[in-house]
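Commentary on secondary and tertiary structure
Listed below are the residues making up each chain.
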Amino acid sequence: MKNFHVAIVGGGVIGSAIAWELSKYKLDVVVFEKGSDVASCTSKANSGVIHSGINSPTGSLKARYCVEGNKILQSLADKLGFQIKWIGKYVIAKNEEEAKELERLKKLGFDNKVPGLEIKDGSEVKIKEPNVSCYTALWVPTAGIISPYEFTIAFAENAVENNVNFLLETEVIDLKKIKDHFLIKTNKGEYQSQLLVNATGLYCRKIDAMLEEPDFQVYPCRGEYLVLDKNYSNLINSMIYPVPPKELGVLGVHITPTIEGNILLGPSAEFIGDPDDKRTTKDMMKTLFNESKEILPALPEKAVINAFSGIRCKLASPGEGGWADYRIEESKNTHGLINLLGIESPGLTGAPAIAKEITRMISKFIELKNKTDFKIRKVKKKSFSEMTAKEQSDLINKDERWGRIVCRCEHITEAEVIEALTNPIGAQTLSSVKYRCRAGMGRCQGGFCSQHIIRIMEKQFNIDVNKINLKSPRSNLFYGRTREKVND
Ligand SMILES: Cc1cc2nc3c(=O)[nH]c(=O)nc-3n(C[C@H](O)[C@H](O)[C@H](O)COP(=O)(O)OP(=O)(O)OC[C@H]3O[C@@H](n4cnc5c(N)ncnc54)[C@H](O)[C@@H]3O)c2cc1C
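Residues numbered from 1 in each chain as written. Predicted model: local features only at pLDDT ≥ 70, side-chain atom pairs only at ≥ 80, totals over all residues.

Because side chains alternate across strand E15 (residues 254-257), one face comprises the buried residues His254 and Thr256, and the other comprises Ile255 and Pro257, equally buried. Pairing geometry for E15 and strand E16 (residues 263-266), over 4 bridges, is antiparallel. Across the sheet, the residue bridging to Pro257 is Ile263, located in E16. Hairpin connection from E15 to E16: 5 residues lie between these consecutive antiparallel strands, with Gly261 at a positive phi of about 105°. (Buried ≥ 20, exposed ≤ 12 C-beta atoms within 10 Å, placed from the backbone. Helix = DSSP H or I, 4+ residues; strand = E, 2+ residues; numbered from the N terminus. Pairing = 2+ DSSP bridges.)

Turning to its location among the elements, Gly69 is positioned in helix H2 (residues 61-80). For Gly69 and Ile50, which are 19 residues apart along the polypeptide, the C-alpha to C-alpha distance reads 8.6 Å. Not counting chain neighbours up to four residues away, the residues in contact with Gly69 comprise Thr349, Gly350, Ala351, Pro352 and Ala353. (Contact = placed C-beta atoms within 7 Å.)

Across the interface, H2 lies against helix H8 (residues 347-362) with an axial gap of 7 Å and an inter-helix angle of 85°. Between H2 and H8, the angle falls in the class roughly perpendicular. Between H2, through Tyr65, Cys66, Glu68, Gly69, Asn70, Ile72, Leu73 and Leu76, and H8, the contact on the second element is made entirely by Thr349, Gly350, Ala351, Pro352, Ala353 and Ile354. (Axes fitted to C-alpha atoms, helices over the stretch in contact; angles between N-to-C directions. Parallel < 35°, antiparallel > 145°, perpendicular 65-115°, else oblique.)

We now examine the domain arrangement of the protein chain. Per the domain assignment, the segments making up the protein chain are domain 1 (1-85 + 142-218 + 318-380), domain 2 (86-141 + 219-317) and domain 3 (385-467). One C-alpha centre belongs to domain 2, the other to domain 3; they are set 33 Å apart. Per-class residue counts for the side of domain 2 that touches domain 3 are 1 nonpolar, 1 polar and 2 charged. (Domains from an automatic or database assignment. Nonpolar A, V, L, I, M, F, W, Y, C, P; charged D, E, K, R; others polar.)

This part takes up the nonpolar core. With 119 residues, the main nonpolar core has Ala7, Ile8, Ile18, Ala19, Val91 and Val197 as its most contacted residues. For this core, the element with the highest residue contribution is helix H5 (residues 148-161), accounting for 8 residues. In this structure, Ile18 is in contact with Ile8, Val197, Ala199, Ala355 and Ile358, ignoring residues within four places of it in sequence. (Core = buried A, V, L, I, M, F, W, Y, C linked by C-beta atoms within 7 Å.)

This part is about the site of the ligand. Of all residues adjacent to the ligand, which total 40 residues, the nearest are Gly10, Gly12, Gly201, Gly223 and Gly347. Looking at the shell around the ligand, the elements with two or more residues in it are helix H1 (13-22), strand E18 (304-314) and H8. A class-by-class count of the residues in the shell around the ligand yields 16 nonpolar, 19 polar and 5 charged. When residues of the shell around the ligand are assigned to domains, at least three fall in each of domain 1 (1-85 + 142-218 + 318-380) and domain 2 (86-141 + 219-317). (Near = placed C-beta within 6 Å.)

What follows concerns the packing of helix H10 (residues 414-421) against helix H12 (residues 450-461). Where H10 meets H12, the axes come as close as 11 Å, and the angle between the chain directions of the two elements is 55°. Accordingly, the angle class assigned to the pair H10 and H12 is oblique. In terms of crossing hand, the pair formed by H10 and H12 is right-handed. Counting all contacts with H10, which are made through Glu414, Val417, Ile418 and Leu421, the residues of H12 involved are Ile453, Ile456, Met457 and Gln460. Tallied by class, the residues present in the contact of H10 with H12 amount to 6 nonpolar, 1 polar and 1 charged. (Left-handed = near helix turned anticlockwise from the far one by under 90°.)

Right, here's the structure in full:
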């Protein structure tokens, strides 16, 4: 049975960031992820905002990791090759009453050491954001945007390049503490580890309950979004946030550009019983659209091309106000168990700082020795569509697959699809291609290119088309044949 120093359960942004930090040391580390890829749960379905730290109470873990994470993200992006755009955000007040809230947020941001905060009047905002209607606004220059899956994938892939084991489609189904190690039972066999890090997001209680009696509850809270076509990207230049609602511990429906050039409207906030209930609903779509149109009157209905939802991992019920701080702690009862509980927003922003904290906690159990051969990831290559005509034709002359456009909306070539399929962590679904090279993310949402990508996957992996999945072992793209295969 394989024995590890550290087992991380969960390959979201938190588990992947921890794996990357630990990959710098001489340790045997494994990540168990039940999905077919990393970022298959909350870490792919959020606003993709790098928060500045103006929303969480001073002294809270949320504020601390957000501010620390925000500061180190640019240097990480330079090393790992993911993109950040520091576009800033306006929190807008519609009237005098709301304007008082902006003063409170500014003071909170100041206490949390967030630089550059300024109150702007409506006419000043209009110069930069001609489509936005407001009375006054708080300008937050240190807020940015990121692709949440590109970010998570960058951590995970570079961790694999530094010998961390990522076991995909591997669900932890039982845990036991036996003397000085954990016995980890998965759907694919048993493993042992000295330390266990519970980074399972919404499922943190389930994992903790395998070892001890949890002293907390999880209250899943769904956030739905609408996605706008890239053709409408010039509606705004920065992120546009409302004054946060007083209840539920959320930030309200905001309008956020994505790193790829779409715009997101959302998220809603609805407490639900089932953490897997990721549906989007007609009623909520209408509400999101109408609330956004109040801020952005020029918003046309035909701009909407898709909807999705992400689920918040809340440790406080709606009756308790919905806000609770993170709990990042060594278990008092199970020696060697480190729990990350309630890692809701700003968890994406805080991930790099949280990973450093977990590494510090691990160093109390195991002496950490630096690897001398730690390899930093090469800086991201330009996509084909960003290249000059000369760069494009040079590549096509070397390999004709660069000349075959597979995704017409995003101009993604066959060579880029193959590169996405040969990723270091071995993710092999249609979604893993989408999240690595954007094929299928355009206006037609894969209507044209999916069939071509499936043919490429069939050839690349030499597998039957019936075995190709959309995003998990349960999401088959095909089921049987409608007629017998005809040999030509
Ligand atoms: C609507 C919404 C908007 C948000 N917006 C932002 C934002 O703009 N900025 C920001 O900073 N933060 C934001 N967040 C918060 C951020 O998305 C989360 O804090 C972060 O993604 C949490 O990451 P995680 O790794 O803890 O959880 P997850 O991404 O959920 O990862 C946990 C992983 O554990 C796996 N897992 C679970 N059980 C098992 C098991 N038994 N065995 C193996 N694997 C298992 C799951 O498959 C999953 O992949 C938002 C969140 C939501 C819901």
